[in-house]
Amino acid sequence: MVGDVPVGGGAPITVQSMTITKTADHEATLQQIYALAGAGADIVRCTCNKPDAAEGLARIVPRSPVPIVADIHNNHRMALAALDAGVHCLRLNPGNITDPSKIKLIAQEAKDRNVPIRIGVNGGSLDSSLYDEEKGVTPEAMVESALREISYFDEVGFDLVKISVKASSVPLMIEAYRQLSEVTDYPLHLGVTEAGPPPAGLLKATAGIATLLAEGIGDTIRYSLTADPVEEAKAGRQLLEALGLRERKNVDLIACPSCGRAEIDVYKIANDAMAAFEDKKLPLQVAVMGCVVNGPGEARDADLGIAAGNKRGHLFVKGVNVAVVPEDEMVDQLVEWANFLHEEGVEATMARAESTRDVARKAAEEDRARNLDERGDDANASEAAVELIRKR
Ligand code: SF4
């Protein structure tokens, strides 16, 4: 348990992020913690590098909406101060505090308070003795670093442990976690460290974290992005929702890639819809489709969607046309119907569409026929190109 949040043991996978404010500035840090929690973080880490940061934690912890982990750097006294501040978890880097007596002292104090510790091995700051022994940063060296720390904890009978073996190289971190999962049952905290700015950072972090989660490895995750930490929390949450590992809280927007049949700028409408749904907590799959010929059919499994027609949009719920709306109101109407669907349910939404359904269906058929008439069966001219190739 990290505070009241279970980690491991079959509990839902959790999302973590980290504040970038000075922890001593407790008001600014709390504001960021609230923003992170709102974006999907279940647990938040704050740095505890100096005595004034520990004092900040003492003010932050009682007011935080989520459990707080204190990140300890080189000074073991900061770990003890963070425990005094009442934090819910410590993060120790075995490469930074290497004196076994200090490690055992922290573990003993944490044990007395029933506070867990994350052993946070980091490829970039691996214990230098292991670096020399293993001739560099290898998965074996990272796993060994974690096991060594556990052996110190064992000496004082402390076992409230979770472990991370992060690296900025995706293949390296994947292999390190795979090896670690073979030798320990402790919960694992996944991450690609220093992944960098989005979109490359998002891709790297996702590649590493998702690969391991798909293998059943990992209990809690953090995206380490060079970006506003709110983006980290959102990314973590979205990944877990996409993998079906957490219940959907926000809109899952799907959109067609657009093609020669599109009757609208699909990219623009999809981005406008994404922005409009951004802060709405609607656990729905919403589709934006470029034409009514294939759109409603291709997105029939979505909860709700809109397909472009002739200067108008065709709204559909579970593949059934429910209304026709002017083109410049497509996004507003989509949001309005999504709210209604979420609050009232499918039956009530269908009942609402009782008087408009026939008109909507006929209008969709009209636009469908017109699109096919104007653009033919081969709107992308693929078959014409194939013919040309065959003639050569
Ligand atoms: S056929 Fe229609 S729905 Fe499919 S990609 Fe083209 S525009 Fe989008």
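Because the structure is predicted, anything quoted here is derived from the model rather than measured. (Residues numbered from 1 in each chain as written. Predicted model: local features only at pLDDT ≥ 70, side-chain atom pairs only at ≥ 80, totals over all residues. Heavy atoms only, no water.)

## Quick notes on the nonpolar core
Threshold: Buried residues of nine kinds, namely Ala, Val, Leu, Ile, Met, Phe, Trp, Tyr and Cys, make up a nonpolar core once their side-chain atoms join them within 4.5 Å. Relative accessibility under 20% of the residue-type maximum defines a buried residue, over 50% an exposed one, and the middle range a partly exposed one, all with a 1.4 Å probe and only protein chains included. Contacts are assigned to residue pairs with any non-hydrogen atoms lying within 4.5 Å of each other.
Counting 78 residues, the largest nonpolar core has I72 and L90 as the members making the most contacts within it. Other than its neighbours up to four places away in sequence, I72 contacts C48, M78, A79, A82, L90, R91, L92, N93 and I97. Of all hydrophobic cores here, the second largest spans 39 residues; its members include V288, M289, A308 and L334.

## Section: the sheet that holds strand β9 (residues 252–255)
Heads up, the condition is: Only strands joined by at least two bridges in the DSSP assignment are considered to pair. Helix and strand assignments follow DSSP, with helices taken as H or I runs no shorter than four residues and strands as E runs no shorter than two, numbered in order from the N terminus. Every axis in this analysis is a line fitted to C-alpha atoms, fitted for helices over the stretch in contact. Angles between the N-to-C directions lie between 0 and 180 degrees.
The strand order across the open sheet formed by five strands is β9-β10-β11-β12-β13, and the pairing between neighbours is mixed. The sheet is open, and its two borders are formed by β9 and β13 (320–326), each paired with just one other strand. With direction set aside, neighbouring strand axes in the sheet form an average angle of 20 degrees. Examined bridge by bridge, strand β12 (residues 312–317) and β13 share six bridges and lie antiparallel to one another. Each residue of the ladder has a partner; that of H314, found in β13, is V324. Across the sheet, helix α12 (residues 330–344) is in contact with β10 (285–289), β11 (304–308), β12 and β13; its angle to β11 comes to roughly 160 degrees.

## Considerations on the side chain of E232
Take E232: it is sitting in helix α9 (residues 229–242). By relative accessible area, E232 is classed as buried at 2%. Residues contacting E232, with those up to four places away along its chain left out, are S17, M18, R222, Y223, S224 and L225.

## Quick word on the packing of helix α3 (residues 76–85) against helix α4 (residues 100–113)
The following threshold applies: Orientation is classified from the angle alone, with under 35 degrees giving roughly parallel, over 145 giving roughly antiparallel, 65 to 115 giving roughly perpendicular, and any other angle giving oblique. For this scheme, ten residues count as nonpolar: Ala, Val, Leu, Ile, Met, Phe, Trp, Tyr, Cys and Pro. Four count as charged, namely Asp, Glu, Lys and Arg, and the remainder, Gly too, count as polar.
The N-to-C vectors of α3 and α4 enclose an angle of 5 degrees; their axes lie 10 Å apart at closest approach. With respect to their mutual orientation, α3 and α4 come out roughly parallel. Only K102, L105, I106, E109, A110 and R113 of α4 make contact with α3, whose side of the interface consists of H76, A79, L80, L83 and D84. Grouping the constituent residues of the contact of α3 with α4 by class yields six nonpolar, one polar and four charged.

## Concerning the state of the cysteines
The criterion, for reference: By disulfide we mean two sulfur atoms from cysteines, separated by a distance within 2.5 Å.
The full count for this structure, using the stated rule, is zero disulfides. C46 provides the cysteine sulfur closest to C48, a residue in no disulfide bond, and the two sulfurs are 9.3 Å apart.

## A closer look at the sheet that holds strand β5 (residues 117–122)
The eight strands are arranged β6-β5-β4-β3-β2-β1-β8-β7 in an open sheet whose pairing can be described as parallel. With one partner strand each, in any of the chains shown, β6 (161–166) and β7 (189–190) form the two edges of the open sheet. Examined bridge by bridge, β5 and β6 share six bridges and lie parallel to one another. Considered in β6, the bridge of I117 is made with V161. Across the face of the sheet, α9 comes into contact with β1 (14–18) and β8 (220–222) while running at roughly 165 degrees to β1.

## Observations regarding the pattern of salt bridges
Convention followed: We count a salt bridge whenever a side-chain nitrogen from Lys or Arg sits within 4 Å of a carboxyl oxygen from Asp or Glu.
Inspection of the entire model under this criterion finds 28 salt bridges. The salt bridge partner of D367 is R312, with a shortest N-O separation of 2.9 Å. With D367 in helix α14 (residues 357–375) and R312 in strand β12, this pair connects stretches of sequence that are 55 residues apart. What you see here is one network of salt bridges that share partners, running through E263, R312, E366, D367, R370, E374 and R375.

## Notes on helix α8 (residues 200–214)
Keep this limit in mind: For a helix, the expected span equals 1.5 Å multiplied by the residue count minus one.
Taking 1.5 Å as the rise per residue, α8 with 15 residues should run 21 Å; its terminal C-alpha atoms sit 21 Å apart, in good agreement. Three or more residues of α8 are buried, namely G201, A205, G208, I209, A210, L212 and L213. The inward-facing, buried residues of α8 contact α7 (170–183), β7, β8 and α9. In the stretch just after α8, G216 is the one whose phi turns positive, near 85 degrees.

Interpretation in functional terms is not warranted from these geometric data alone.
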